[in-house]
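# Summary of structural features
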Amino acid sequence: MLRIRFLPIVAALALAVSGCSDANVSDGGGGGGDSTGGVKVVRTKYGIPHVTADDFYGLGLGYGYAYSQDNYCVLMKEVVRATGRSALLLGDDGDLSEDFVYRFYNTDEYIETEFIPSAPPELQDLVAGYAEGMNRYLADTGSGALAEGPEGCRDAAWVREVTPNDLAKVYRKLILRGSTGPLAPAMIAATPPAQSTAKAPHRAPQSFAFAPTDLGLPPPTEMGSNAYGIGSDASQTGYGILLGNPHFPWEGAERFYIVHLTIPGVYDVMGASLHGVPVINIGFNENVAWSHTVSTARRFGFFELQILEDDPMRYRYDGEIREIQAHPVSAEITLEDGTVETRTETIYMSHFGPIVDIGSINEIVGGWPTAFGTVLAAADANLYNTQALPQWLELGKAQNTAELKSALGLLGVPWVNTIAADRAGTALYADIGAVPHMTSEKIERCSDTPLTSLLTSQGFPSLDGSRSECEWGNDPNTRDGIFGVNNLPSLETTTYVANSNDSYWLSNPNQLLEGFSPVIGRERVQQSFRTRQAFVQLEDRMAGTDGLGAPGFTVGHVQELLYGNRNIGGELILSDVLAICSGVDDWSAYTENPAEAAEACSVLSAWDGRFDTTSVGPHVWQEFWGEVTGTANLWAVPFDADDSVHTPRELNTGDGAVVEAVKASLGAAADELVRRGLPMSRPWGQVQYRTDGDQRIPIHGGSGASMFSVISSRYVDDQGLGNIRAGNSYIHTVTWTESECPDAFAVLTYSQSTDPASPHYADMTRVYSAEQWIDMPYCPDDIEADKISEITLEP
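Summarised in this report is the structure supplied together with it.

How each quantity is defined
Residues numbered from 1 in each chain as written. Predicted model: local features only at pLDDT ≥ 70, side-chain atom pairs only at ≥ 80, totals over all residues. Heavy atoms only, no water. Salt bridge = Lys/Arg side-chain N within 4 Å of Asp/Glu carboxyl O. Helix = DSSP H or I, 4+ residues; strand = E, 2+ residues; numbered from the N terminus. Buried < 20%, exposed > 50% of the residue type's maximum accessible area, 1.4 Å probe, protein only. Core = buried A, V, L, I, M, F, W, Y, C linked by side-chain atoms within 4.5 Å. Contact = heavy atoms within 4.5 Å. Polar contact = N/O pair within 3.5 Å; in protein donor to acceptor, adjacent residues only side chain to side chain. Pairing = 2+ DSSP bridges. Expected span 1.5 Å × (residues − 1). Bend = angle between axes of the 7 residues up to and from the residue. Axes fitted to C-alpha atoms, helices over the stretch in contact; angles between N-to-C directions. Parallel < 35°, antiparallel > 145°, perpendicular 65-115°, else oblique. Nonpolar A, V, L, I, M, F, W, Y, C, P; charged D, E, K, R; others polar. Phe/Tyr/Trp six-rings, centres within 6.5 Å; stacked < 30°, edge-to-face > 60°. Lys NZ or Arg CZ within 6 Å of the ring centre and 35° of its normal.

Evaluated as defined, the whole model comprises 36 salt bridges. Across the pair Lys397 and Glu122 runs a salt bridge whose closest N-O atoms are separated by 2.6 Å. One end of the pair, Lys397, is in helix H8 (residues 388–397); the other, Glu122, is in helix H5 (residues 121–141), with 275 residues separating them in the sequence. Of the residues examined, Lys397 reaches a relative accessible area of 26% and is grouped as partly exposed. Between Asp431 and Arg299 there is a salt bridge, and its shortest N-O distance comes to 3.4 Å. Taken together, the residues span a long stretch of sequence, with Asp431 in the loop between strand S19 (427–430) and helix H10 (440–446) and Arg299 in the loop between strand S9 (288–294) and strand S10 (300–305) at a distance of 132 residues. Accessibility classification places Asp431 together with Arg299 in one group, the buried group.

Right, here's the structure in full:
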């Protein structure tokens, strides 16, 4: 039965605004319509600010002030990091390696002469206004009245006024999140040998394996996303429909914040932005909606340099000799006794980029020299990407998917796919952004040394740095070293598109995208279980076989696909697992807790197959699934690229070793849960939760290893999965009707404010827990009806 969950009207909590007696802040009057001179900030239920101004400076002023009321300390801490002062000011939360790197790259000279001037004047005004909004909030509130709690900064030594330069450094740090940022430790670890490399042993080539997480990139089961774009041919109404479901951290500056930004007649966009970003990252307007998912495209690559044996600071390039340049960088650190010490490291630069030592992955690929007498340099497609914020500003102005795709031509998107739908019923998938220009032919021709071949085989395309023919290529009218739009994958359709962090290849099983560079992603390869779940749900809905009514989509259906909390692992093999369970009379050979293992089987036999808060069995299944999926020969039907949504499948019960592995995995799951003090029959909402003071809020969803609705949680002693690291964050479902107002619903799983004293610290978390949605007030009459407070800021 279709469950369309709309939030019931609740009593509104008035927003307490510190410092409203200040001459620059006054109680407002009227609704959420046109600006009347001042900057109007109307709050609707759950603390959602609607900022209306006459120009972009005023818009930034209102947004910066409203955001600061909820999360000032979060962004200030990110300013500390982006300016390279974390080890000095943040204690155990500091990262000295990052400090060195951001002091090197985020110089005032670069920010003032390159990064900021490259932005259009309206965006420069927006950022300047945002900084002023933050500073005005600090002046009104005072350091001694700032938020407390784990993310607070009351009376912190690092609280100060910010400048547009500070914010620009935060944005550049965010742009480098998928490339230079994770490589910071490898840059600092790179140290030339004290003596010539002639005496270094050149070991034989070896094969090895490593994952993106080994380079500091987040695992796709934690930081990823889902998105559906539904076109007119798949929509019951003929209007487009969008589900945006990013899986992002629940702590820190990579969270989202809901806001509505309006300059009448110029810019009117609602949605969410990452903390401190003055434009909407994922959002909607009157005619189009979009979301993002983390892309498989590599945003950096390695070049292997042939260094001289008698001088490791020089390398060969086209028969010539080039110098590696040394750049000393200093940063301060506060020691345990409170004293401050200045430390200096050297970042070494080739013409490709910094020298890196990735020896923490494997000694064969690390070192200076490596096992092959060479050294690695990293090149970053985003290093001089100054178009990210202009990119998102233009996305918000687009009025249909064609205009949105055209806006993507700025190539400012740093590390995500874009999925969109519009009022007319067109759906769009695009992995259009900053991607290194490495064609398949170039990778084959230039990954021809033992080391470049090894790295390329592990998904990190690496090229011979001794030949100019191996430099990244160029496309017409495109920044140097990156692919142009025509060489990047996209799909416009009136059926549907989807992405769950696998590559562009399977954006629609009936319209495969093929023939692109492997640096963007892989084709005809096994998909993640989450990707398969996404398309199984789409296929079931289009066939009308999911129990939700007639075929095709409404906005309620996409809401159900998220909150349905289906688990593809259970759908694939639960019946076979239960059959194996029933054949075990004595579990003592497989577990230290045979009674609990038998109970685990009993619990799974009654499990509803969902990860709802009331479901009994998800914690048993999640532990079991984590154990059993590493089993060799697990599947009876192997992967078939021509049936990628449905393969591999069927538990290989004809293989005795697989059957034994299932029993052992069930035993191991029971042992882990006993060790954690968790009964087998405990409902999921009592196992996985978020705390609000002394209250526990049940949280539905589960591990991205086999769930579409992702919550990545960790154990807190014997108290269950109370440490939620990442997962479902800002979720919106958007469609249209005959009205000019978009029909949009959303929720922010962790709520708007990080201040435990705020009424908006956990109110939306309870909405999410109850599997409900907030009807997003976009048009003026709806804003007025939902209003809980209003202030006016004088520019």
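What follows concerns unusual backbone geometry. Between Trp368 and the following residue, Pro369, the backbone shows a cis peptide bond with an omega angle of 15°. Residue position: Pro369 is located in the loop between strand S16 (355–356) and strand S17 (375–380). Here Thr647 and Pro648 are connected by a cis peptide whose omega angle stands at -5°. Mapped onto the fold, Pro648 is located in the loop between strand S23 (635–637) and strand S24 (649–651). Phi is positive for Leu411, which is not a glycine, with a value near 55°. Examined against the element boundaries, Leu411 turns out to sit in the loop between helix H9 (401–407) and strand S18 (416–422).

This next bit is on the nonpolar core. Ranked by internal contacts, the top residues of the largest apolar core, which has 177 residues, are Tyr72, Tyr267 and Tyr730. The dominant element in this core, judged by the number of residues it contributes, is helix H1 (residues 56–82), at 15 residues. Every residue in contact with Tyr267, bar those within four places of it in the chain, is listed here: Phe56, Leu59, Leu261, Thr262, Val279, Ile280, Leu393, Gly396 and Lys397. Listed in part, the 38 residues of the second largest apolar core include Leu604, Phe624, Leu678 and Trp684.

Assignment of secondary structure puts Ser462 in strand S20 (residues 462–464). On the basis of relative accessible area, Ser462 is assigned to the buried category, the value being 0%. A distance of 2.8 Å separates a polar side-chain atom of Ser462 from the backbone oxygen of Phe460. Residues in contact with Ser462, not counting those within four places in the same chain, are Phe302, Cys446, Ser447, Thr452, Leu455 and Thr456.

Here we take up the sheet that holds S16. Strand order in this open sheet of 4 strands is S16-S17-S10-S20, and the pairing throughout is mixed. Across the chains shown, the open sheet's two edge strands, defined by having one partner strand only, are S16 and S20. Examined bridge by bridge, S10 and S20 share 3 bridges and lie parallel to one another. Bridge pairing links Phe303 to Leu463 in S20.

What follows is about helix H14 (residues 568–582). The terminal C-alpha atoms of H14, which comprises 15 residues, lie 22 Å apart, in line with the 21 Å expected from a rise of 1.5 Å per residue. Bending of H14 peaks at approximately 55° at the position of Leu574. Among all positions of H14, only Ile568, Gly569, Gly570, Ile573, Leu574, Val577, Ile580 and Cys581 are buried. As for H14, its buried residues are in contact with helix H12 (529–543), helix H15 (594–606), helix H16 (618–628), S23, S24 and helix H17 (656–675). Two or three places before Gly569, at the opening of H14, Asn567 has a side-chain oxygen 3.1 Å from that residue's backbone nitrogen.

Packed helices, taken two at a time, are described by the angle between their axes plus the distance between the axes. Two numbers describe how H14 lies on H16: the axes approach to 12 Å, and their chain directions differ by 90°. Between H14 and H16, the angle is such that the two are roughly perpendicular. Contacts from Gly569, Gly570, Ile573, Leu574 and Val577 of H14 reach H16 at Trp621, Phe624 and Trp625. In terms of residue class, the contact of H14 with H16 is built from 6 nonpolar, 2 polar and no charged.

Using the criterion set out here, one finds 32 aromatic pairs in the structure. Geometrically, the ring pair formed by Tyr563 and Tyr768 is edge-to-face, given 5.9 Å between the ring centres and 70° between the ring planes. A residue pair is termed long-range when its members are at least 10 positions apart, and Tyr563 in helix H13 (residues 555–563) and Tyr768 in helix H19 (residues 763–769) qualify at 205 residues. Across the pair, Tyr768 and Tyr563 agree in class, each one buried. Ring-pair connections join several aromatic residues into one group, and the members of that group are Phe529, Trp607, Phe611, Trp621, Phe624, Trp625, Trp635 and Trp684. The aromatic ring of Tyr761 is capped on one face by Arg690, whose charged end is 4.6 Å from the ring centroid. Residue placement shows Arg696 over the ring face of Tyr689; its charged tip is 4.2 Å from the ring centre.

Burial runs high along strand S29 (residues 730–735): 6 of the 6 residues are buried. The alternating pattern of S29 places Tyr730, His732 and Val734 and Ile731, Thr733 and Thr735 on opposite faces, both of which are buried. Here 3 bridges tie strand S5 (residues 241–249) to S29, and the two strands are oriented antiparallel to one another. Following the sheet pairing, Leu242 is matched in S29 by Val734. Pairing of S29 with strand S30 (residues 743–748), which is carried by 6 bridges, proceeds in the antiparallel orientation. When the sheet's bridge partners are listed, Ile731 is paired in S30 with Val747.

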